[in-house]
Amino acid sequence: MKQFRDVIGRERITEHLQNTIRLNRVSHGYIFDGEEGIGKNFIADIFVAALQCEVYSGEPCGECKSCLQAAGGNHPDIIRIRREKATIGVDDIRGQLNNTIAIKPYNSRYKIYIINEAEKMTEAAQNALLKTIEEPPEYAVILLLTDNMNMLLPTVLSRCVTLHLRPVDRGLLKMHLMKDCNVPDYQAELAATFAAGNVGRAERYAASAEFEGRKDEVLHLVLHIDEMKPSEIIDFLKRFSEEKAVINDYIDLIFLWYRDVLMFKAARQTAQLIYKEEVLTLQRQAAGKSFEALQHIIEAFDTLRARLKANVNFDAAMELLLLALQEK
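Since this is a predicted model, take the numbers as computed values, not measurements.

(A) Spotlight on the pattern of salt bridges. Using the criterion set out here, one finds 17 salt bridges in the structure. With a closest N to O distance of 3.1 Å, E189 and K174 form a salt bridge. One end of the pair, E189, is in helix α8 (residues 185-195); the other, K174, is in helix α7 (residues 170-180), with 15 residues separating them in the sequence. Residue E189 is classed as partly exposed on the basis of its relative accessible area, which comes to 28%. Here R204 ties to D252 by a salt bridge, and the two come within 3.0 Å at their closest N and O atoms. Residue R204 is located in helix α9 (residues 199-206), and its partner D252 is located in helix α12 (residues 247-267); the two are separated by 48 residues in the primary sequence. Taking relative accessible area as the criterion, D252 reaches 7% and is therefore assigned buried. By sharing partners, the salt bridges in this structure join E35, R201, R204, E210, R214, D249, D252 and R305 into a single network.

Dropping the structure here:
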């Protein structure tokens, strides 16, 4: 069973969570904030298992009935809020949380609710949740997992303990891939570098035999996009269309390039660059694009990811991104 010692590079967060359990200072509301793949669900799963563990030592024992139920995903006192639509509506919160929270735990110390993608709660849903967070039963714990805490109401934020999950050190990521995932040195180095501190992304890259080929394709695109004709961009669009199953790899790799361009333009330093070997091209593109254009490109990636999650037409969403990349 996963335990806090399995968490990579989050010593302060894991120590805080363990101490809240040991000292019996558990809050009624927690926000786990960080980009997709950063490890929110991994840490949240360990935390809720430790909260419900019958040994109650600050770490899930992995052997008691509660831990076995938590590991199997069928613990009666760990409830995951589900949604049927693109957003989490007021009916979802009322029906699955507000209307059931007064029922005491079946056989555990706590009754825990987990709201994944909490940024998708409508304002009405958040206000409904707020009423519960303001006066919760003593046994209630609510976890909000979000990629964008700025979408949460200030009143919700003020009533929760917020834990920010930042990128993990590249060296720790590489060590994790080699030790825990049996990834060879070179492949681990490549995946850790391009994951930009994101554990889930690093594991996905390391497990992909085609990752380096995708990186080379993306490099060809970003190195030549300023001179490419619209028809050539469309050819790349068609290539992406054929690879929808791994489109996030392509999107991440292109995003990291323009992140590097923006970082170089702003600081003129190479230490934090991902594409270090292409520093001359990064320098040229940084000189040829305004801060406004680069900021618009970065925002275009956020828009693209939101559109793809909402099942907007794939080709149209990708074409808008690729056209944005040519802005000066």
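(B) Looking closely at the packing of helix α10 (residues 211-224) against α12. Put simply, α10 and α12 touch, their axes get as near as 10 Å, and they point 45 degrees apart. By the criterion of interaxial angle, the relationship of α10 to α12 is oblique. Taken as a pair, α10 and α12 cross one another with a handedness that is right-handed. In this structure, α10 uses F211, R214, K215, E217, V218, L219, L221, V222 and L223 to contact α12, whose residues at the interface are D249, Y250, L253, I254, W257 and Y258. Within the contact of α10 with α12, the residues separate by chemical class into 11 nonpolar, no polar and 4 charged.

(C) A look at the sheet that holds strand β1 (residues 29-33). Pairing in this open sheet of 5 strands is parallel, and the strands run β2-β3-β4-β1-β5 from one edge to the other. Each edge of the open sheet carries a strand with a single partner, namely β2 (78-80) and β5 (161-164). Pairs of neighbouring strands in the sheet enclose a mean axial angle of 20 degrees, with direction left out of account. Bridge count between β1 and β5: 4 bridges; the pairing is parallel. Paired with D33 across the bridge in β5 is H164. Against the sheet, helix α1 (residues 11-22) engages β1 and β5, with an angle of about 150 degrees to β5.

(D) Representation of the packing of α1 against helix α2 (residues 40-52) within the structure. Between α1 and α2, the least distance of the axes is 10 Å, while the angle of their chain directions is 15 degrees. Regarding the angle of α1 to α2, the classification is roughly parallel. The crossing of α1 and α2 is right-handed. On α2, the residues that touch L17, T20 and I21 of α1 are I43, F47, A50 and L51. A breakdown of the residues in the contact of α1 with α2 according to their chemical character gives 6 nonpolar, 1 polar and no charged.

(E) Region of the structure containing the environment of I254. Looking at the secondary structure, you find I254 in helix α12. Taking C-alpha positions, I254 is 8.6 Å from L221, a pair spaced 33 residues apart along the chain. I254 has contacts with V218, L221, V222, F240, F301 and L325, leaving out every residue within four places of it along the chain.

(F) Local environment of the layout of surface pockets. Its volume calculated, the largest pocket comes out at about 1600 Å³. As for the largest pocket, its lining consists of 45 residues, and the residues nearest its centre are E35, E36, R201, D302 and R305. At the level of elements, α8, α9, α12 and α14 (291-309) are the ones that each hand at least two residues to the lining of the largest pocket. Among the residues forming the lining of the largest pocket, the class breakdown is 18 nonpolar, 10 polar and 17 charged. Here the second largest pocket is characterised by a volume of approximately 390 Å³. What lines the second largest pocket is a set of 20 residues, among which G37, I38, G39, K40 and F42 lie closest to the centre. Counting residues per element, the ones that place at least two in the lining of the second largest pocket are α2 and α9. Here the lining of the second largest pocket is built from residues that sort into 6 nonpolar, 6 polar and 8 charged.

(G) The arrangement of the nonpolar core in detail. One finds F194, F240, I254, W257, Y258, Y275 and L325 to be the most contacted residues of the largest nonpolar core, which totals 54 residues. Per-element tally for this core: the top contributor is α12, with 10 residues. With sequence-adjacent residues up to four places away left out, Y258 is seen in contact with V222, I225, Q285, K289, L294, I297, I298, F301 and L325. One finds V7, I13, F47 and L51 within the second-largest nonpolar core, a separate group that totals 26 residues.

(H) Spatial organisation of the side chain of H176. Summarising the element assignment, H176 is placed in helix α7. On the basis of relative accessible area, H176 is assigned to the buried category, the value being 10%. Aside from chain neighbours lying at most four places away, what touches H176 is I8, C181, V199 and E203.

(I) Up close: the side chain of K120. Position of K120 relative to the elements: it lies in the loop between β3 (111-115) and α5 (123-134). In contact with K120, other than residues within four places in its own chain, are R83, A86, T87, I88 and K309.

Rules of the game
- Residues numbered from 1 in each chain as written.
- Predicted model: local features only at pLDDT ≥ 70, side-chain atom pairs only at ≥ 80, totals over all residues.
- Heavy atoms only, no water.
- Salt bridge = Lys/Arg side-chain N within 4 Å of Asp/Glu carboxyl O.
- Helix = DSSP H or I, 4+ residues; strand = E, 2+ residues; numbered from the N terminus.
- Buried < 20%, exposed > 50% of the residue type's maximum accessible area, 1.4 Å probe, protein only.
- Axes fitted to C-alpha atoms, helices over the stretch in contact; angles between N-to-C directions.
- Parallel < 35°, antiparallel > 145°, perpendicular 65-115°, else oblique.
- Left-handed = near helix turned anticlockwise from the far one by under 90°.
- Contact = heavy atoms within 4.5 Å.
- Nonpolar A, V, L, I, M, F, W, Y, C, P; charged D, E, K, R; others polar.
- Pairing = 2+ DSSP bridges.
- 1 Å grid on protein atoms, 1.4 Å probe; cavity = no way out; pocket = protein on both sides within 12 Å on 5 of 7 lines; lining within 4 Å.
- Points joined across faces, edges and corners; volume = space filled by probe spheres on them.
- Core = buried A, V, L, I, M, F, W, Y, C linked by side-chain atoms within 4.5 Å.

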